[in-house]
Amino acid sequence: MFQSDALSINHSNHLTIGGCDTVALAQQYGTPLYVMDEDLIRANCRLYKHAMDTYYDGHGQILYASKAFSTLYIYRLVQEEGLGADVVSAGELYTALKAGFPAERIYFHGNNKTDEELTMAVERGVGRIVVDNAYELSRLDTIAGRAGKVVDIAFRVKPGIDAHTHQAIMTGQIDSKFGVALETGEAMDIVRRAHGMAHVRVVGLHCHIGSQIFDLSPFQEAARVMMHFIGDIKDALGLEINELNLGGGYGIQYLPSDNPVPYDQYIEAVSKVVKATAAERGLTLPRILMEPGRSITAPAGITLYTVGGVKEIPDVRTYVSVDGGMADKPRYILYQSAYSFVLANKAGDAPTKTVTVAGKCCESGDLLGEGVSLPQVEPGDTLAVLATGAYNYAMASNYNRIPRPPVVMVSGGQSCLIVRRESLDDLIQNDLLE
Ligand code: LLP
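Quick notes on the rules
Residues numbered from 1 in each chain as written. Predicted model: local features only at pLDDT ≥ 70, side-chain atom pairs only at ≥ 80, totals over all residues. Heavy atoms only, no water. Helix = DSSP H or I, 4+ residues; strand = E, 2+ residues; numbered from the N terminus. Axes fitted to C-alpha atoms, helices over the stretch in contact; angles between N-to-C directions. Parallel < 35°, antiparallel > 145°, perpendicular 65-115°, else oblique. Left-handed = near helix turned anticlockwise from the far one by under 90°. Contact = heavy atoms within 4.5 Å. Nonpolar A, V, L, I, M, F, W, Y, C, P; charged D, E, K, R; others polar. Phe/Tyr/Trp six-rings, centres within 6.5 Å; stacked < 30°, edge-to-face > 60°. Lys NZ or Arg CZ within 6 Å of the ring centre and 35° of its normal. Pairing = 2+ DSSP bridges. Near = heavy atom within 4 Å. Polar contact = N/O pair within 3.5 Å; in protein donor to acceptor, adjacent residues only side chain to side chain. Areas by Shrake-Rupley, 256 points an atom, 1.4 Å probe, with all protein chains shown as cover. Domains from an automatic or database assignment. Buried < 20%, exposed > 50% of the residue type's maximum accessible area, 1.4 Å probe, protein only. Buried area = accessible area lost by both parts, 1.4 Å probe. Salt bridge = Lys/Arg side-chain N within 4 Å of Asp/Glu carboxyl O.

**Points about the environment of A24**
- Here A24 is to be found in helix 1 (residues 22-29).
- Distance from A24 to H109, taken between C-alpha atoms, is 40 Å for residues 85 residues apart in sequence.

This is the structure in structure tokens:
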């Protein structure tokens, strides 16, 4: 009935997640509320890890792209599952380290890392710094030199691939703020430069072509292009790169009509291309890394809201307003991303109406969804939005001075608060008077 195995309907006609009644969760913790199913997150981690072991002979590593959902709890969980982590800021790095994540399994990304961030990464001994550009490279060499270290780096490369996804989340093509371009020779130049530096060691290449991609072919093409670049580097500089990080971006099901490729098929397909291209170019097989974010946590999360006013505008539309909105669920206003909705306290009832679900922010564009089919809806109902486990809590803001919702983790009928609800005092804690 539902796209996620974590969801079901109980004898009270209520939506359940991880064996917990969502209406009871809404009463216990209040709304808006993010709820995540721990077993599904762990199952997703295992699926990726198992596929890497099966199709790439255990010679690969899955990194969790923690921008999707970053909290102390998730870093501990993915560490227990044997994954590494991709971080993109001092804040994500700090959170990972505070959770006890081993620094050597952390990969530090970002197109404009500050000196403070580079220093922190070098001092704390992160596994790789994924260098974006020449300016960063020279600063990193200096910072590492000052610390008396030689750091292992990879380069973020634009492989020149146009992945078919929303423009704002497409990154592999030449007109992108991320990385160095292959086709202009910029990528070869930076590798050559780094090869002669005293405090960095070039061990890897990285690319990430975009997010929410449903085809295998752009990933296969990226793997082929990057392997040829490894071959070109060996020919030109005699330097053998032994690590290829192919990023994340695997699409997930937001709507019943979305048809994601099973995650293990990405790994199988890419592994074949890497092996074939290595044979063609006479290269030692590199270690491969993949960085899924969304596909690990998004399907495991839902957001619960309480319905407030229902405004019927005859011959126009019906607005159903909820107690959250763009502050906790910004992906509609940013990318017009469609989601599936379930009226959690009438979960098995047939839809009777098509409505627009509106948020509570002072902004007309603050909608959660349009053309949403719901059963008879009234104030006080609990509305669930599905597949919100990635890029929702992570991208939440305090717009309109709205406190961010808490996050509850559920498993086997038990719930546990992993992020508390912000208070009104939290909102003013950094404000100064006088
Ligand atoms: N690796 C790198 C270097 C990335 O930049 C990203 C995502 C990932 C891995 C993980 O991609 P995923 O598997 O989660 O698709 N806020 C946007 C998504 C931005 C993704 C940015 N980078 C959204 O809500 O759709």
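Structure's up, so let's keep going.
**Section: the packing of helix 2 (residues 38-55) against helix 3 (residues 72-80)**
- With their axes 10 Å apart at the nearest point, helix 2 and helix 3 run at an angle of 45° to one another. By the criterion of interaxial angle, the relationship of helix 2 to helix 3 is oblique. Between helix 2 and helix 3 the crossing geometry is right-handed. Facing E38, I41, R42 and C45 of helix 2, the residues of helix 3 in contact are Y73, I74, L77, V78 and E80.
- Along the lines of polarity and charge, the residues of the contact of helix 2 with helix 3 split into 6 nonpolar, no polar and 3 charged.

**Description of the packing of aromatic side chains**
- Within this structure, the stated rule accounts for 9 aromatic pairs.
- An angle of 80° between the planes, with centres 5.1 Å apart, marks the rings of F219 and Y266 as edge-to-face. A residue pair is termed long-range when its members are at least 10 positions apart, and F219 in helix 8 (residues 217-237) and Y266 in helix 9 (residues 263-281) qualify at 47 residues.
- Put simply, the rings of Y48, F219, Y250, Y263 and Y266 pair up and form one aromatic cluster.
- The ring of Y73 has R76 sitting right over it, with the charged end atom 5.4 Å from the ring centre.

**Section: the sheet that holds strand 1 (residues 7-9)**
- Overall, antiparallel pairing links the 3 strands, which are arranged 1-2-3 in an open sheet. Of all the strands in the sheet, just strand 1 and strand 3 (20-21) have a single pairing partner and so form its edges.
- Bridging between strand 1 and strand 2 (residues 15-17) involves 3 bridges; their strand directions are antiparallel. By the bridge assignment for strand 2, L7 is matched with I17.

**Let's talk about the site of the ligand**
- Near the ligand lie 19 residues; those nearest to it are S211, E291, R294, R331 and Y391.
- Between K67 and the ligand, the recorded distance is 3.3 Å, taken from a side-chain N or O atom to an oxygen atom.
- Within the contact set of the ligand, an oxygen atom lies 3.0 Å away from a backbone nitrogen or oxygen of G293.
- Surface burial for the ligand is 91%, taken as the share of its 580 Å² of free accessible area covered by protein chains.
- Residues that form the shell around the ligand fall into these classes: 6 nonpolar, 7 polar and 6 charged.
- When residues are assigned to domains, the shell around the ligand turns out to be shared by domain 1 (7-37 + 299-420) and domain 2 (38-297), each giving three or more.

**A few points about unusual backbone geometry**
- In this structure, the amide linkage connecting T31 to the following residue, P32, adopts the cis form with an omega of -10°.
- Secondary-structure assignment places P32 in the loop between helix 1 and strand 4 (33-37).
- Even without being a glycine, R401 presents a positive backbone phi close to 55°.
- Take R401: it is sitting in the loop between strand 19 (382-386) and strand 20 (407-411).
- Note on R401: relative accessible area 45%, which makes it partly exposed.

**Examining the domain arrangement of the protein chain**
- Looking at the assigned domains, one finds that the protein chain contains domain 1 (7-37 + 299-420) and domain 2 (38-297).
- Relative to domain 2, the C-alpha centre of domain 1 lies at a distance of 33 Å.
- Across the boundary between the two partners, domain 1 contributes 25 residues, which contact 24 residues of domain 2.
- Both sides of the domain 1 and domain 2 interface together cover about 2,100 Å² of buried area, and 64% of this is carbon and sulfur.
- Joining domain 1 to domain 2, the criterion identifies 0 salt bridges.
- Joining domain 1 to domain 2, the criterion identifies 9 residue pairs in polar contact (both at pLDDT 80 or more).
- Mapped by element, the contributors of at least two residues to the side of domain 1 that touches domain 2 are strand 4, helix 11 (331-335), strand 20 and strand 21 (414-419).
- Counted by class, the side of domain 1 that touches domain 2 contains 17 nonpolar, 6 polar and 2 charged residues.

**Observations regarding the pairing of strand 15 (residues 317-322)**
- Burial along strand 15 is one-sided: T318, V320 and V322 are buried, and none of R317, Y319 and S321, which face the opposite way, are.
- Across 5 bridges, strand 14 (residues 301-313) lies against strand 15 in antiparallel orientation. Counterpart to V310 in the pairing with strand 15 is V320.
- Hairpin geometry of strand 14 and strand 15 is characterised by an intervening segment of 3 residues between the two adjacent antiparallel strands and by a positive phi of about 60° at D315.

**A look at the side chain of T388**
- Examined against the element boundaries, T388 turns out to sit in the loop between strand 19 and strand 20.
- Those residues in contact with T388 that sit more than four places away from it in its chain are A298, G301, I302, T303 and Y339.

**Here's the deal with the pattern of salt bridges**
- Counted according to the given criterion, the structure contains 26 salt bridges.
- Measuring nitrogen to oxygen at the nearest pair gives 2.7 Å for the salt bridge that ties E80 to R42. With a gap of 38 residues between them, E80 in helix 3 and R42 in helix 2 connect regions that are remote in the sequence.
- Accessibility expressed as a relative area gives 48% for E80, which makes it partly exposed.
- Here the salt bridges do not stand alone but share partners, grouping E38, R42, R46, R76, E80 and E81 into one network.

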